[in-house]
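A look at the structure
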Amino acid sequence: NAGVTQTPKFRVLKTGQSMTLLCAQDMNHEYMYWYRQDPGMGLRLIHYSVGEGTTAKGEVPDGYNVSRLKKQNFLLGLESAAPSQTSVYFCASSYSLLSLAGDPYNEQFFGPGTRLTVL
Amino acid sequence: AQSVAQPEDQVNVAEGNPLTVKCTYSVSGNPYLFWYVQYPNRGLQFLLKYITGDNLVKGSYGFEAEFNKSQTSFHLKKPSALVSDSALYFCAVRPKYGFNKFYFGSGTKLNVKP
């Protein structure tokens, strides 16, 4: 049981290049998330998905696109990378999104991160 | 606006001494509270959470956290720090109902010196 995995671990891009970050989870979680982590700012939500074939915008979605073609995978794309997108990117998953019944057992499980540098 | 504050960027403590990492929050509706730890070049790992009940929550690696509703705080504590506890600690808050969005603090770097 690998949990949440991310590829690649590191990447250096030039401004204007494109790339895709892959997140995979083997816990059969419905919900997946992409965050970026910047010094002094904690984690900020980029996009999330509530299930296969669905995606939605988070706090900082501009410049990113996502796709969830399979339940276990959540892809984050940068179409035209900018230096402002230099960051560490974390994927997370959880088994429940809506807490209508006050479900307390709903922690998020995180991948190891992808360190992206845009020159 | 919903927010989580970790007022200290860095906490330094000697091995064997008690440690406290502070967290306060402004999230409506009696949220759930979490602490995560991040070791260098690793993802975030869950430490503990407060759901309801006893204000003192015990978690992994000997950590505990104290919930104070009146002060809207959830401080992380450990009676005796280890050098291996040196890491980045994040407080996170999740509203009890509705979208499962986590609000993260900015993180506190804990340095435990031998």
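With respect to the overall build of chain A
- Summing up its helical and strand segments, chain A has zero helices and 11 strands in all.
- For chain A, the α and β elements follow one another from N to C terminus as β-β-β-β-β-β-β-β-β-β-β.
- For chain A, with 119 residues in total, the buried portion stands at 50%.
- Of the contacts made within chain A by residues no fewer than 6 positions apart, 57% connect residues no fewer than 24 positions apart.
- Only carbon and sulfur atoms are counted for the fraction: they give 55% of the accessible area of chain A, which is about 5600 Å².

Looking at the environment of Leu44(B)
- As for its position among the elements, Leu44(B) is in strand 6 (residues 44–50).
- In this structure, the C-alpha to C-alpha distance between Leu44(B) and Cys23(B), residues 21 residues apart in sequence, is 17 Å.
- In contact with Leu44(B), not counting residues within four places along its chain, are Leu43(A), Phe90(A), Phe110(A), Gly111(A), Tyr36(B), Val37(B), Gln38(B), Phe90(B) and Phe104(B).

Observations regarding the layout of surface pockets
- Taken as a whole, the largest pocket spans an internal volume of roughly 570 Å³.
- Lining the largest pocket are 29 residues; nearest its centre among them are Gln37(A), Val88(A), Arg115(A), Gln38(B) and Asn41(B).
- Residue assignment for the lining of the largest pocket shows that the elements contributing at least two residues are strand 9 (87–94) and strand 11 (114–118) of chain A together with strand 10 (87–94) and strand 12 (108–113) of chain B.

Side note on the environment of Ile51(B)
- When you line up the elements, Ile51(B) lands in the loop between strand 6 and strand 7 (56–58).
- Between the C-alpha atom of Ile51(B) and that of Tyr32(B), which follows or precedes it by 19 residues, the distance is 5.4 Å.

A word on the nonpolar core
Residue and element names in this part refer to chain B.
- Counting residues in hydrophobic clusters, the biggest one holds 29 residues, and the most contacted among them are Trp35, Leu47, Leu48, Phe74, Leu76 and Tyr89.
- Contributions of two or more residues to this core are made by strand 2 (10–14), strand 3 (19–21), strand 5 (32–38), strand 6, strand 8 (64–68), strand 9 (73–78), strand 10 and strand 12.
- The element that contributes the greatest number of residues to this core is strand 10, accounting for four residues.
- In contact with Leu76, other than residues within four places in its own chain, are Leu19, Thr20, Val21, Trp35, Leu47, Leu48, Phe63, Glu64, Ala65 and Tyr89.

Description of the pairing of strand 1 (residues 4–7) of chain A
Residue and element names in this part refer to chain A.
- What you see with strand 1 is a clean split: Val4 and Gln6 sit on the buried side and Thr5 and Thr7 on the side with no burial.
- Across four bridges, the pairing between strand 1 and strand 3 (residues 19–25) is antiparallel. Residue Gln6 lies in a different strand from strand 3, and its bridge partner there is Cys23.

As for the environment of Gly51(A)
All names here are of chain A.
- Position of Gly51 among the secondary structure elements: in strand 5 (residues 43–51).
- Taking the C-alpha atoms as reference, Gly51 lies 16 Å from Leu22; in sequence the two are 29 residues apart.
- If we ignore the near neighbours within four places in the chain, the residues touching Gly51 are Glu30 and Arg68.

A few points about unusual backbone geometry
- Cis geometry is adopted by the peptide bond preceding Pro8(A), which originates at Thr7(A) and carries an omega value of -5°.
- Despite not being glycine, Asn28(A) has its phi angle at roughly 60°, a positive value.
- Note that Asn28(A) resides in the loop between strand 3 and strand 4 (31–37).
- For Thr72(B), which is not glycine, the phi dihedral falls at a positive 40°.
- Here Thr72(B) lies in the loop between strand 8 and strand 9.
- Assessed through its relative accessible area of 29%, Thr72(B) is described here as partly exposed.

Conventions adopted
- Residues numbered from 1 in each chain as written.
- Chains lettered and ligands numbered in written order.
- Predicted model: local features only at pLDDT ≥ 70, side-chain atom pairs only at ≥ 80, totals over all residues.
- Heavy atoms only, no water.
- Helix = DSSP H or I, 4+ residues; strand = E, 2+ residues; numbered from the N terminus.
- Buried < 20%, exposed > 50% of the residue type's maximum accessible area, 1.4 Å probe, protein only.
- Contact = heavy atoms within 4.5 Å.
- Areas by Shrake-Rupley, 256 points an atom, 1.4 Å probe, with all protein chains shown as cover.
- 1 Å grid on protein atoms, 1.4 Å probe; cavity = no way out; pocket = protein on both sides within 12 Å on 5 of 7 lines; lining within 4 Å.
- Points joined across faces, edges and corners; volume = space filled by probe spheres on them.
- Core = buried A, V, L, I, M, F, W, Y, C linked by side-chain atoms within 4.5 Å.
- Pairing = 2+ DSSP bridges.

Spatial relationships are all this shows, so hold off on functional conclusions.
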